[in-house]
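Fold and geometry: a report
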Amino acid sequence: MKKQVLDAEEIFQSRLERHHDELRWLYMEMYDNSSMFAELCDNLKQFYLKRNKELKISDLKREQDHGWYQQNDMLGMMFYIDNFAGNMKGVEAKLDYLEKCKVNYVHLMPFLDTPPDRSDGGYAVSDFRKVQKKLGSMKDLDSLTAACHKKGINVCMDFVMNHTSEDHEWAKKARQGDGEYMSRYFFFDNEEEPAMYEKTVPQVFPTTAPGNFTWLEEEGYYVMTTFYPYQWDLNYKNPRVFNEMMYNFLYLANRGIDIIRIDAVPYIWKELNTSCRNLKQVHTIVRMMRMIGEIVCPGILLLGEVVMEPEKVTPYFGTVEKPECHMLYNVTTMATTWHTVATRDVKLLKKQLDIVNSLPKEYIFLNYLRCHDDIGWGLDYGTLMLEGMGERSHKQYLNDYFLGFAGESNSRGELYNADPVTGDARFCGTTASMCGIEKAGESKDKEAMERAVRFDLMLHAYMFMQSGIPVLYSGDEIGQLNDYTYKDDPNKAADSRYIHRGAMNWKLAEKIKDADTTEGKIFQGLSRLEEIRKSEKVFVSNADAWTIETWDQSILGIGRYFEDEKIIGLFNFSEYDKTAWINETDGGYVDLISGEELRPVDVKIPAYGFYYLKRK
Ligand code: GLC
């Protein structure tokens, strides 16, 4: 290993050679600018040379072990640094807790510099090379990533490449009328062009930030702002933008980041008369990014944030010969899961899982129940329509259900960006609150609490059964509830996503050892699931996975098979005790949770209960 590291330039050259022709081809196709391409290549080398020895060693190892992240030992957790532990040093001091959670992948939510009053949760970056003061410094980040690596924890961060904050140096110069910087954004001195875009471009935040353009009164220009008015869209038609953003990406990768989450990636290319989503140039850019990563820092993974309808998501994996992202969020499965919660009908979820299970096994999905964002009801309405469920009325039902108004629901939460024109709305809340833990706690109803906790664990157990990487949303491991205090903060009050972005309650976390408490029950229940997942090889990503017909509309059955081992998961999504009418006669089975021996024939499952049955 040492000798190889010493031969550093040779390694770089061979990596560059592997990708050079394709990279150049794509770059010239996009920009037709060979001097900018030469500049890019020079900089790749500089970033490679600056990469530290530990990271280079890890790169070499990972290059030889392509599937390092596709095993059954990965478990993620995502959190805001300030909510979790105040600042970066605080996180470093809490690594023991993360180890207790068996987490080996942490997603540090946006921590780069951002104006506190116009931050969109940190997604409006004003300096890609500076950490928010209250969270620490780049030195603290270096120290945190090194400490994580010592414990075998991978670090993920957001790379917000679609836009910058209006306080970014480029935006400030553009405001002053500097043409060089104006060309890094989309500026219009007339209303016609923005109006033409608006005809075909949907809105991301129809209530909190309507429209896709912002009028700059003093300057007399419109600027494109797909998200909030203070988030200015970058113009990737300008090669300077592409190059500089790649340098930022590599700078951050060199801080010891293992997983780069490419924020809002479908939006990065704009074209008049299109939806400005998922355009083919987006794929070219991601492909170039993948190659750039493989040349400079092949140990890192690209995680695409593609919150789109299913057929738009998988193309971001690219092809076997020309891969793009290493990992994507399993967003449709997540939304369909909550649909199943509200309807107690697993039909659509089964169909969705069948689709995912039929995809190539190299496609690695991140599975999750909740994250920092709202739940958008991106479901397969074509199929639901056949059952007589209209899109608008069904969304209304789902929102009413989770608000706690309809369908004998125990959920609590709030709507997000309710659009008065389309009648559309998304939903916010924590897993625990949406499972009824908040309501049961308020009414001090012990039985309801027990059921809600079982529900919460069943959902996690089902999520863990899917192929890919499970990611917990921090606080979910102790059943944290909605936090309504965001309403007192004028910078947050209009954005209900803050309801599930509360600070970690460390007082409650102290109870995890006590199995009589809600926190203890959830934490210990999850711990057991995590142990099972890490020790049973049927959970590797390339195992066979399929759904099982249970002949009960509320019970989902999932099978997994790998090297002669087989496991069956049964999950009851209803508040009634039910029977899974299955008949697996290929041997005796044991429930991995209780140790009970079972014949998987007509299995009785308590309300919101589940089984992990392993063939003996
Ligand atoms: C992503 C983030 C979201 C943010 C948006 C704009 O979708 O997950 O929180 O508002 O990008 O950057």
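Residues numbered from 1 in each chain as written. Predicted model: local features only at pLDDT ≥ 70, side-chain atom pairs only at ≥ 80, totals over all residues. Heavy atoms only, no water.

**Some remarks on the overall build of the protein**
Using the following cut-off: To qualify as a helix, a DSSP run of H or I must reach at least 4 residues; to qualify as a strand, a run of E must reach at least 2; elements of each kind are numbered from the N terminus. As a reference, a globule follows 2.2 Å times the number of residues to the power 0.38, and the radius of gyration itself is taken over C-alpha atoms. Note on classification: 1.4 Å probe, protein chains only; a residue is buried when its accessible area is under 20% of the maximum for its type, exposed when over 50%, partly exposed between these limits. Contacts were defined at the residue level, with two residues in contact if any of their heavy atoms lie within 4.5 Å.
When its secondary structure is counted, the protein shows 23 helices and 25 strands. Against the 2.2 N^0.38 benchmark of 25 Å for 616 residues, the protein shows a C-alpha radius of gyration of 24 Å, consistent with a compact globule. In terms of overall dimensions, the protein has a C-alpha envelope of 70 × 60 × 45 Å along the principal axes. By the burial criterion, 61% of the 616 residues in the protein qualify as buried. A separation threshold of at least 6 residues defines the contact pool for the protein, and within that pool the share at least 24 residues apart is 71%.

**Focus on the pattern of salt bridges**
We apply this condition: We count a salt bridge whenever a side-chain nitrogen from Lys or Arg sits within 4 Å of a carboxyl oxygen from Asp or Glu.
Under the criterion given, the structure shown has 52 salt bridges. For Asp 373, the salt bridge is made with Arg 497, and the minimal N-O distance between the two is 2.9 Å. Residue Asp 373 is located in the loop between strand S14 (364–367) and helix H17 (381–386), and its partner Arg 497 is located in the loop between strand S17 (469–473) and helix H22 (506–509); the two are separated by 124 residues in the primary sequence. Here Asp 373 matches Arg 497 in class, with each residue buried. A salt bridge links Asp 374 to Arg 426, with the nearest nitrogen and oxygen atoms 2.8 Å apart. Of this pair, Asp 374 sits in the loop between S14 and H17 while Arg 426 sits in strand S16 (residues 426–428); the two residues are 52 residues apart in sequence, bridging distant segments of the chain. Through salt bridges with shared partners, a single network forms among Asp 117, Arg 118, Glu 166, Asp 167, Arg 175 and Glu 219.

**Brief notes about the packing of aromatic side chains**
Which entries qualify depends on this criterion: Note on aromatic contacts: the rings of Phe and Tyr and the six-membered ring of Trp form a pair at centre separations within 6.5 Å, being stacked when their planes are under 30 degrees apart, edge-to-face when over 60 apart, and tilted otherwise.
This structure, assessed with the given rule, holds 41 aromatic pairs. Between Phe 205 and Tyr 228 the ring centres are 4.7 Å apart and the planes differ by 40°, which places this aromatic pair in the tilted class. Taken together, the residues span a long stretch of sequence, with Phe 205 in the loop between helix H11 (192–200) and strand S8 (213–216) and Tyr 228 in the loop between strand S9 (221–224) and strand S10 (231–233) at a distance of 23 residues. By relative accessible area, Phe 205 is classed as buried at 3%.

**With respect to a negative patch on the surface**
So the rule is basically this: The residues that make up patches have over 30% relative accessible area and no salt bridge, and they are joined within 9 Å when like-charged or within 5 Å when they are Val, Leu, Ile, Met, Phe, Trp or Tyr. Computed with a 1.4 Å probe, the accessible areas rest on the Shrake-Rupley method; for each residue, only the protein chains presented here act as cover. Counted as positive: Lys and Arg. Counted as negative: Asp and Glu, with His and the chain ends omitted from the count. Charge positions are represented by NZ for Lys, CZ for Arg, CG for Asp and CD for Glu.
There is a patch of like negative charges on the surface, built from Asp 189, Glu 191, Glu 192 and Glu 193. Position of Asp 189 relative to the elements: it lies in the loop between strand S7 (187–188) and H11. Here Asp 189 falls in the exposed class, since its relative accessible area comes to 59%.

**Quick notes on the pairing of strand S18 (residues 544–548)**
As a reminder of what qualifies: Strand pairing requires that DSSP identify at least two bridges connecting the strands.
As judged from the five bridges shared by S18 and strand S19 (residues 555–562), these two strands associate in the antiparallel manner. For Trp 546, the partnering residue across the bridge sits in S19 and is Gly 559. Linking S18 to S19, which pair antiparallel, is a turn of six residues; within it Trp 551 sits at a positive phi near 60°.

**A closer look at the site of the ligand**
Put simply, the test is: Think of it this way: one heavy atom of a residue within 4 Å of a molecule or strand is enough to make that residue near it. Here a polar contact is taken to be a pair of N or O atoms separated by no more than 3.5 Å, where protein atoms must pair a possible hydrogen donor with a possible acceptor and residues adjacent in sequence count only if both atoms sit in side chains. Here the bounds of each domain stem from an automatic or database domain assignment.
The ligand sits among 13 residues. The nearest are Asp 120, Asp 263, Glu 305, His 372 and Asp 373. Within the side chain of His 372, an N or O atom sits 2.8 Å from an oxygen atom of the ligand. With respect to the ligand, the side chain of Asp 373 contributes an N or O atom lying 2.4 Å from an oxygen atom. Each of two domains, domain 1 (1–155 + 249–259 + 277–329) and domain 2 (169–233), supplies a minimum of three residues to the shell around the ligand.

**Some remarks on the nonpolar core**
The line we're drawing: Within this scheme, the nonpolar core is defined by two criteria: the residues are buried Ala, Val, Leu, Ile, Met, Phe, Trp, Tyr or Cys, and they are joined through side-chain atoms within 4.5 Å.
Formed by 196 residues in total, the largest nonpolar core has its most connected members in Tyr 236, Phe 571 and Tyr 612. Examining the composition of this core, we find that 13 residues originate from one element, helix H21 (residues 446–465), more than from any other. Apart from residues no more than four positions distant in its own chain, Phe 571 is found in contact with Met 458, Ala 461, Tyr 462, Met 465, Ser 554, Ile 555, Leu 556, Ile 558, Gly 609, Phe 610 and Tyr 612. In this structure, Ala 580, Leu 598, Val 603 and Leu 613 belong to the second largest nonpolar core, which totals 12 residues.

**Some thoughts on the sheet that holds S7**
Spatial ordering of the open sheet is given by S7-S9-S8, a layout of three strands whose pairing is antiparallel. At either margin of the open sheet sits one strand with a lone partner, and together these are S7 and S8. Strand direction decides the pairing type here: S7 and S9, joined by two bridges, are antiparallel. Bridge pairing in S9 links Phe 188 to Tyr 222.

**Topic: the side chain of Arg 501**
When you line up the elements, Arg 501 lands in the loop between S17 and H22. Once you skip the residues sitting within four places of it in the chain, Arg 501 turns out to touch Tyr 80, Asn 83, Gly 121, His 372, Asp 373 and Tyr 473.

**Describing the layout of surface pockets**
Going by this rule: In this analysis the probe radius is 1.4 Å and the grid spacing 1 Å, with only protein atoms considered; a cavity is a set of points the probe fits into but cannot get out of, a pocket is an open set with protein on both sides within 12 Å along at least five of seven lines, and lining residues have an atom within 4 Å of a point. Grid points are joined across faces, edges and corners, and a volume is the space filled by probe spheres set on the points.
Size it by volume and the second largest pocket reaches roughly 760 Å³. Taken together, 35 residues make up the lining of the second largest pocket; nearest its centre are Pro 116, Ser 119, Gly 121, Lys 492 and Tyr 498. It is helix H5 (residues 81–85) that contributes the most residues to the lining of the second largest pocket, three residues altogether. Looking at the lining of the second largest pocket, you find at least three residues from each of domain 1 (1–155 + 249–259 + 277–329) and domain 2 (169–233).

**Remarks on the packing of helix H12 (residues 239–253) against helix H13 (residues 280–296)**
Rules: Where helices are involved, their axes are fitted lines through C-alpha atoms of the stretch in contact, as for all axes, and angles between N-to-C directions lie from 0 to 180°. Should an angle lie under 35 degrees it is considered roughly parallel, over 145 roughly antiparallel, and from 65 to 115 roughly perpendicular; all remaining angles are considered oblique. A crossing counts as left-handed when the near helix is turned anticlockwise from the far one by less than a right angle, and as right-handed when that turn is clockwise. Throughout this entry, Asp, Glu, Lys and Arg are counted as charged residues, while Ala, Val, Leu, Ile, Met, Phe, Trp, Tyr, Cys and Pro are counted as nonpolar. The remaining residues, Gly among them, count as polar.
Where H12 contacts H13, the two axes come as close as 11 Å, and the packing angle between them is 45°. Relative to H13, the element H12 is oriented oblique. Here the hand of the crossing between H12 and H13 comes out right-handed. Judged by residue contacts, Phe 242, Met 246, Phe 249 and Leu 250 of H12 engage Ile 285, Met 288, Met 289, Ile 292, Gly 293 and Val 296 from H13. Looking at the contact of H12 with H13 residue by residue, the classes come out as nine nonpolar, one polar and no charged.

**Some remarks on empty space enclosed by the protein**
Within this structure, the stated rule accounts for 11 cavities of 30 Å³ or more. In this model, the largest cavity occupies a volume close to 170 Å³. Lining of the largest cavity is provided by 17 residues; of these, Tyr 473, Ser 474, Gln 480, His 500 and Gly 502 occupy positions nearest its centre. Looking at the lining of the largest cavity, the elements that each hand over two or more residues are strand S1 (76–79) and H5. Residues that form the lining of the largest cavity fall into these classes: eight nonpolar, seven polar and two charged.

**Considerations on the sheet that holds strand S23 (residues 597–598)**
The strands that make up a sheet pair up through hydrogen bonds in the backbone, lying either parallel or antiparallel. An order of S18-S19-S20-S25-S22-S23 is seen for the six strands of this open sheet, with the pairing classed as antiparallel. Two strands in the sheet have a free side with no partner beyond their single neighbour: S18 and S23. Sheet topology note: the strand S22 (residues 589–591)/strand S25 (residues 610–615) ladder contains three bridges and is antiparallel. Looking across to S25, one finds that Tyr 589 is bridged to Arg 615. Sheet strands touched by H21: S19, strand S20 (565–572) and S25. Its angle to S20, the strand with the most contacts, is close to 145°.

**A look at the environment of Leu 353**
Turning to its location among the elements, Leu 353 is positioned in helix H16 (residues 347–357). Remark: the alpha-carbon pair of Leu 353 and Ala 461, spanning 108 residues in sequence, is separated by 15 Å. What Leu 353 contacts, discounting residues up to four positions off in sequence, is Thr 333, Tyr 462, Gln 466, Thr 547, Leu 556 and Ile 558.

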